[in-house]
Amino acid sequence: MAKKIDINLILKNASKSEEERTLSLFDLSILGIGAIIGTGILVLTGIVSATEAGPGVVYSFLIAAVASGLIGLCYSELTTSMPNSGSAYIYAYVSLGQVGGFFAGWSLIGVYVTTTATVANGWTGYLNSFLKEIHINLPGSLLASPFVGGIMNLPAIIMIVLITFVLTRGTSESKWINNILVIIKLLVILTFIGVAMFDVNTANWHPFTPFGASGIFTGASTVFFTFLGFDALATSAEDAKNVNRNLPRAILISLVVCTTLYIIVSLVMTGVVKYTMLNVPESMSFVLLNKGHVMASQIVAAGAVLGIMAVVYAFIYAGSNIMKAMGRGGFLPKSWAALNGHTQSPNTALWINGLLAAVLAGFLDIKSLAIIANVGSLTVFALISLIVIVLRKQQPDLKRPFKIPLGSVIPALSVLVCLFLLVNIQLNAWLTYFAWLVIGFIIYFSYSVRHIDAEQNG
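My aim in this report is to walk through the structure given alongside it, one point at a time. (Residues numbered from 1 in each chain as written. Predicted model: local features only at pLDDT ≥ 70, side-chain atom pairs only at ≥ 80, totals over all residues. Heavy atoms only, no water.)

**Observations regarding the overall build of the protein chain**
Next up, step 1: When helices and strands are tallied, the protein chain shows 17 helices and zero strands.
Next up, step 2: Going through the 458 residues of the protein chain one by one, you find that 60% of them count as buried.
Next up, step 3: If you take every contact in the protein chain between residues at least 6 apart in sequence, the share linking residues at least 24 apart comes to 85%.
Next up, step 4: Accessible area for the protein chain stands at about 16,800 Å²; split by element, carbon and sulfur atoms hold 68% of it. (Helix = DSSP H or I, 4+ residues; strand = E, 2+ residues; numbered from the N terminus. Buried < 20%, exposed > 50% of the residue type's maximum accessible area, 1.4 Å probe, protein only. Contact = heavy atoms within 4.5 Å. Areas by Shrake-Rupley, 256 points an atom, 1.4 Å probe, with all protein chains shown as cover.)

What follows is the structure, given as C-alpha cells:
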C-alpha cells in the first residue's frame, strides 16, 4: 500500500501534443476566475459580514488570499513539473504512495461534489428571487429539500444535469459557453460596484471589526473554500496550451482579479448598509433594492443566475478529471476513465459527478452540503504544500519549469497557514469530513487494493 507510482509513467501519460491541447492562457484564467468567483462574492460576503467579521470581512478575504497565494505557488511548481489532470491525487501517489494518493483523490472528489451541490443550492435562491421580480412564482415545495420542509430542489437538479450535458460535448466545444458565463458574471459585479459605490456611507464601517480578531480568522476559514479554483486549474493541466508558462500565469491572474473584486465588493456592500442587515444569500440584490436601484438589482440577480452556473461548470469538470485519473490507476473502475471517441471527454466520470451532485443538491440542505468543503479543501491544500517539500527530496533531478523561490520556506509557511485555518473550523465539520473518509477507505480496501495497476495510471 506504500508503493508509489513511477513518475516517468506520469510524465509519459501527460505528453499530449500541443495540437491536442485546447485551453489558452485566456481560457485558463477565465476557468480559474469562474471557479473562484461565485458563492463567495455573491452569497458569503454578506453572510460572513453579518455573522462573523463585520466590515472586517475584508481582512478575512485578504488572509484567505494570502494563503491561496502561497498555495498557488505550490500548485504552480507541481503542475508544471507533472502536467496531469489528477492534481493532488497524482502528486500524493508519486510522493506518498497508494494510501496517500487515494486519500487526496477521494477528498477532492468529496469537496468538488459537495461544493457543486452547495453552489447549486445557492443558485436556486437567486433564480427564485429573479423570477419573483418578473412575477413568476415557483412552488415552494420544489425549491427546497425534504430536510427544510420541501419535496426537492428541482431547479438545482435540472441545472446541474444541463451543465453536465454541456461538458460531455468536449472542452473545445463547451469552453466558449463557460467563457461567456464568466464574462457576464464579471460585468454584473462591476455593475453592482458602479451603481452601489455612490451610496457608500463610511459611518457604516464603524465598528470595522465588531467580532474581533477571532471573527476575522473564523471568516477567513469560512470563505477559504471559495478559492478552490486553484485546484480546478491544476486538473486542467493536460488540456492547457504551453502549460509551463500559461498555468502559473493563470493562477496568478485568477488570484489577483478575484481578491481585488472580493475586497471592493466587501467595502461597498458594508458601506452601503449596516453589516447586521446582510445575513441574506442574495446580498448584492438586497443592497441595491435597499437603495431603490430596482433595475440594477434585477440585472445583478440575472447575472448571478448565469454566473453561478459557471462555477458549477468548473467544479464538475475538475471533479470528473480527478475521477478519470483515479480510474486509470485502478482506485476506481477503469471504465470511469474512458474517453468518448468523438468529444474526447470523460463522459462516464462527468455523469457520475454530475448526477451525484444533482442528487445531493436536490435532497440535502445547503449547510449540510457546505460542511465538507472547508475542511476538505484546506486539508488537501496543506497536503499539496507538504508534497512540494517531499518531492524535492525524492526527485531532486525532476525538471521544474517553475520553482518556488526561498527553498522550503514558502511551502512550509503554506502548510502552517492551512493548519491555522483548520483549527478555526467547527467540530461537526470535521466529523462530516471523517465520515466521508470512512466511506472512501471502505472502497479502498474492498475494491482499490485489488485493482490498482500502476502501469495504467496517469
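**Things to note about the nonpolar core**
One recurring pattern in soluble globular proteins: nonpolar side chains tend to sit buried together.
Next up, step 1: Ranked by size, the top nonpolar core spans 138 residues in total, and within it Ile41, Phe192 and Met284 carry the most contacts.
Next up, step 2: Residue contacts for Ile41: discarding those within four places in its chain leaves Ile189, Leu261, Tyr262, Val265 and Met284. (Core = buried A, V, L, I, M, F, W, Y, C linked by side-chain atoms within 4.5 Å.)

**Thoughts on the packing of aromatic side chains**
Next up, step 1: Applying the stated criterion across every chain yields a total of 20 aromatic pairs.
Next up, step 2: Measuring from centroid to centroid gives 5.5 Å for Tyr89 and Phe331, while their planes differ by 90°, and the two rings are edge-to-face. With Tyr89 in helix α5 (residues 88-96) and Phe331 in the loop between α13 (294-328) and α14 (347-363), the pair connects residues that are 242 residues apart, well separated along the chain. Accessibility classification places Tyr89 together with Phe331 in one group, the buried group.
Next up, step 3: Among the aromatic residues, ring-to-ring pairing joins Tyr89, Tyr93, Phe102, Trp106, Phe331, Trp436, Phe441, Tyr444 and Phe445 into one connected group. (Phe/Tyr/Trp six-rings, centres within 6.5 Å; stacked < 30°, edge-to-face > 60°.)

**Things to note about the side chain of Thr168**
Next up, step 1: Along the chain, Thr168 falls in the loop between α7 (154-167) and α8 (171-196).
Next up, step 2: From its side chain, Thr168 meets the backbone oxygen of Phe165 in a polar contact 2.5 Å long. (Polar contact = N/O pair within 3.5 Å; in protein donor to acceptor, adjacent residues only side chain to side chain.)

**Notes on the packing of helix α4 (residues 57-81) against helix α11 (residues 243-272)**
Next up, step 1: In contact at an axis separation of 10 Å, α4 and α11 are set at 175° when each is read in the N-to-C sense. Between α4 and α11, the crossing angle belongs to the class labelled roughly antiparallel. Of α11, the residues touching α4 (which contributes Val57, Val58, Phe61, Leu62, Ala65, Ser68, Gly69, Gly72, Tyr75, Ser76, Thr79 and Thr80) are Val243, Asn244, Leu247, Pro248, Ile251, Leu255, Thr259, Tyr262, Ile263, Ser266 and Leu267.
Next up, step 2: A breakdown of the residues in the contact of α4 with α11 according to their chemical character gives 14 nonpolar, nine polar and no charged. (Axes fitted to C-alpha atoms, helices over the stretch in contact; angles between N-to-C directions. Parallel < 35°, antiparallel > 145°, perpendicular 65-115°, else oblique. Nonpolar A, V, L, I, M, F, W, Y, C, P; charged D, E, K, R; others polar.)

**Observations regarding unusual backbone geometry**
Next up, step 1: Put simply, His206 and Pro207 share a cis peptide bond, and its omega is 0°.
Next up, step 2: With respect to the element layout, Pro207 can be found in the loop between α8 and α9 (212-223).
Next up, step 3: Of note in this structure, His135 is not a glycine but carries a positive phi near 65°.
Next up, step 4: You can see His135 is positioned in the loop between α6 (98-133) and α7.
Next up, step 5: Non-glycine residue Leu406 carries a positive phi angle of around 70°.
Next up, step 6: Considering the arrangement of structural elements, one finds Leu406 in the loop between α15 (366-394) and α16 (409-423).
Next up, step 7: Residue classification places Leu406 among the exposed residues on the basis of a relative accessible area of 63%.

**Digging into the pattern of salt bridges**
Next up, step 1: Under the defined criterion, the tally for this structure stands at two salt bridges.
Next up, step 2: Taking the shortest distance from any N to any O, the salt bridge between Arg400 and Glu77 comes out at 3.3 Å. Remark: Glu77 occurs in helix α4 and Arg400 occurs in the loop between α15 and α16; sequence separation between them is 323 residues.
Next up, step 3: Under the relative-accessibility criterion, Arg400 is labelled buried at 15%.
Next up, step 4: Taking the relative accessible area as the measure of exposure, Glu77 reaches 1% and is therefore buried.
Next up, step 5: Beyond isolated ion pairs, a larger network of salt bridges with shared partners links Glu77, Arg392 and Arg400. (Salt bridge = Lys/Arg side-chain N within 4 Å of Asp/Glu carboxyl O.)

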